[in-house]
Structures are given as C-alpha cells and as structure tokens.
Amino acid sequence: LQLVGRLLSGVRHEPGLAIPCGLLLLAVMTALLAPVISPYSPTEGSLLKSLQPPVWQDGGSMDHILGTDFQGRDVLSRLIHGSRVSLAVAAVSIFVAGFMGLVLGLMAGYFGKAVDALIMRIADMFFALPMILFGLLFAMTLGPSFRNVIIVIVLTIWGRFARQVRGEVLSVRERDFVALARVAGASNRRILITHILPNVANSVIVLATWQVGLVILMEASLSFLGVGIPPPTPSWGSMVADGRLWIASAWWVSVIPGLAILVTILAMNMV
C-alpha cells in the first residue's frame, strides 16, 4: 500500500509517468482477464487461416485484428494469454529470488566472517554462470517447463538481492539503535526482524522493480531458444521464436510480441 501511495504521488508530481503506469496497468489487467477478453483459443487454429495479415494490411480481417500465425492461431489471443505467462514468471521469480536473497543477505551482513564469506562466494559462483547456458543444461536434464524457468531465473538473480541487502546491513548493524537492542538483551532474530529488516526493505523493493524488465527478457530469451515455456502454451518469447522463419513475409508473428516485450520493459524501467 505504501508503494502504491508513493506511485500515485509520483504520477501527480510527474504527469509523464501516467503513460507508463497506464501501460503497466493494461498489461496486468490483460493478464488477469485473459480468459474473458481473449477472442479465440490461444492454442487452437485453422490451417485455412494461416499467416493472415493484420487488419490494416491488404488481406487482413476484423476477425483477426493482429493477424494469425503459421498454424492459423489468432495472434491477439496468443498475445493476451502470453502476457499471463510472462508476468507470472516475473512475479514468482522476483518474489522467490527476493526472499531468498533477503534472508541470505541479512545473515551474511549481520553475522559476517565465515557466514558472510560462504554466502558471498556462493553468490559469486552463480553470478559467473551464463544464464542461457545454465538454462540449456537445465532444460536438457529436466525438460522445459514453467517450474524450471522459475528455478533458472531465481538461481541467476538471487545474488543481486543478497549483495544489496548485505551492503545495507553492514552499515545498519553498526548504528546505535542496534547496539542498544543488544544491550537490552534482544536476540539476533529479533534484532534482524525488528530493527534491521525495516531499514533495508525499501532498497529491496526498488531492486525488485528494476528486475522485472530483466526477468521478462530472460524468460523471453529462454522461450525463444526453446528451453522455456513448452508449446503450445504461448509466451511472448516463444511467439517471437515461432515467427522467425517468416519474418520477411509475415513480420507480425514476431514483431508484435517483440513490441509487447519492449513496451512493458520500457514502461517498468520508467516507473
């Protein structure tokens, strides 16, 4: 609620934020209402309607406003349902990675010494892993799935949260109110939760919002390579991949979901 209040206050002071906020609201509402507002099934099509152009091009039809793909599936319907997958991956990945990084960062910064060294070296190890290669190996071992995409992304980004939180805790733990809490006999758990956590929460929230665009791009990259969300479930990345063979003759199959990725990430970063 505090974050929403700050966002509304920011829109009042910066009217230019209304556009990116509106685009993000549109993306979220589209994802939530996908089964209701989608004109067709995202997985069923007709080869008789294969590669129909958008309505504004010659041969286009109001039946398929954004055209169809090579299997005759409605691009608009797949775009709507794809927003569900992409935004769900972003929300779940960032929540899990943020919680994991927050807990480990608190431990590393507060206890220091061996605990700090162990957690930060593990984080460095995951920082060194190429996300795409890691995703390919993971998919080859366990197969592409929603769960596996979440695991790959979480293991790739949790260290960002851990490093940020650790740096904040190293500063906060030396302040007088923490020393007074120790003198008063407060346990380490109480100090971490009551005194230190509130002072690092804002940084975690800001970092989480910055990761949304990155996670959407990561999911799109994995799906583009065929190791993300398995077909026929649509995601923006897999839609871009589906149209790459027809990019010269049926540009809309790849370009339209690519624009959705671009606009969503740009709006999130502006906010």
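See above for the structure.
None of these values were measured; they are calculated from a predicted model.

## Description of the layout of surface pockets
Turning to step 1, where the next piece is worked out: Approximately 250 Å³ is the volume found for the second largest pocket.
Turning to step 2, where the next piece is worked out: In terms of lining residues, the second largest pocket is bounded by 13 residues, among which Leu-26, Ala-27, Trp-236, Ala-260 and Thr-264 are the most central.
Turning to step 3, where the next piece is worked out: Sorting the residues of the lining of the second largest pocket by element identifies α2 (18-32), α4 (75-111) and α11 (252-270) as the ones contributing at least two each.
Turning to step 4, where the next piece is worked out: Per element, the largest residue contribution to the lining of the second largest pocket is 5 residues, and it comes from α2.
Turning to step 5, where the next piece is worked out: The residue inventory of the lining of the second largest pocket, partitioned by class, reads 10 nonpolar, 3 polar and no charged.

## Notes on the packing of aromatic side chains
Turning to step 1, where the next piece is worked out: All told, the structure shown has 5 aromatic pairs when counted by the stated rule.
Turning to step 2, where the next piece is worked out: Here the aromatic rings of Phe-70 and Trp-246 are separated by 4.7 Å at their centres, their planes lie at 10°, and the arrangement is stacked. In this pair, Phe-70 sits in the loop between α3 (34-37) and α4 while Trp-246 sits in the loop between α10 (236-242) and α11, placing the two residues 176 residues apart along the sequence.
Turning to step 3, where the next piece is worked out: Exposure remark for Phe-70: the relative accessible area of 24% places this residue in the partly exposed category.
Turning to step 4, where the next piece is worked out: On the basis of an interplanar angle of 85° and a centroid distance of 6.0 Å, the ring pair of Trp-251 and Trp-252 is categorised as edge-to-face.
Turning to step 5, where the next piece is worked out: Between the NZ or CZ atom of Arg-73 and the centre of the ring of Phe-70, over which it lies, the distance is 5.9 Å.

About the thresholds
- Residues numbered from 1 in each chain as written.
- Predicted model: local features only at pLDDT ≥ 70, side-chain atom pairs only at ≥ 80, totals over all residues.
- Heavy atoms only, no water.
- 1 Å grid on protein atoms, 1.4 Å probe; cavity = no way out; pocket = protein on both sides within 12 Å on 5 of 7 lines; lining within 4 Å.
- Points joined across faces, edges and corners; volume = space filled by probe spheres on them.
- Helix = DSSP H or I, 4+ residues; strand = E, 2+ residues; numbered from the N terminus.
- Nonpolar A, V, L, I, M, F, W, Y, C, P; charged D, E, K, R; others polar.
- Phe/Tyr/Trp six-rings, centres within 6.5 Å; stacked < 30°, edge-to-face > 60°.
- Buried < 20%, exposed > 50% of the residue type's maximum accessible area, 1.4 Å probe, protein only.
- Lys NZ or Arg CZ within 6 Å of the ring centre and 35° of its normal.

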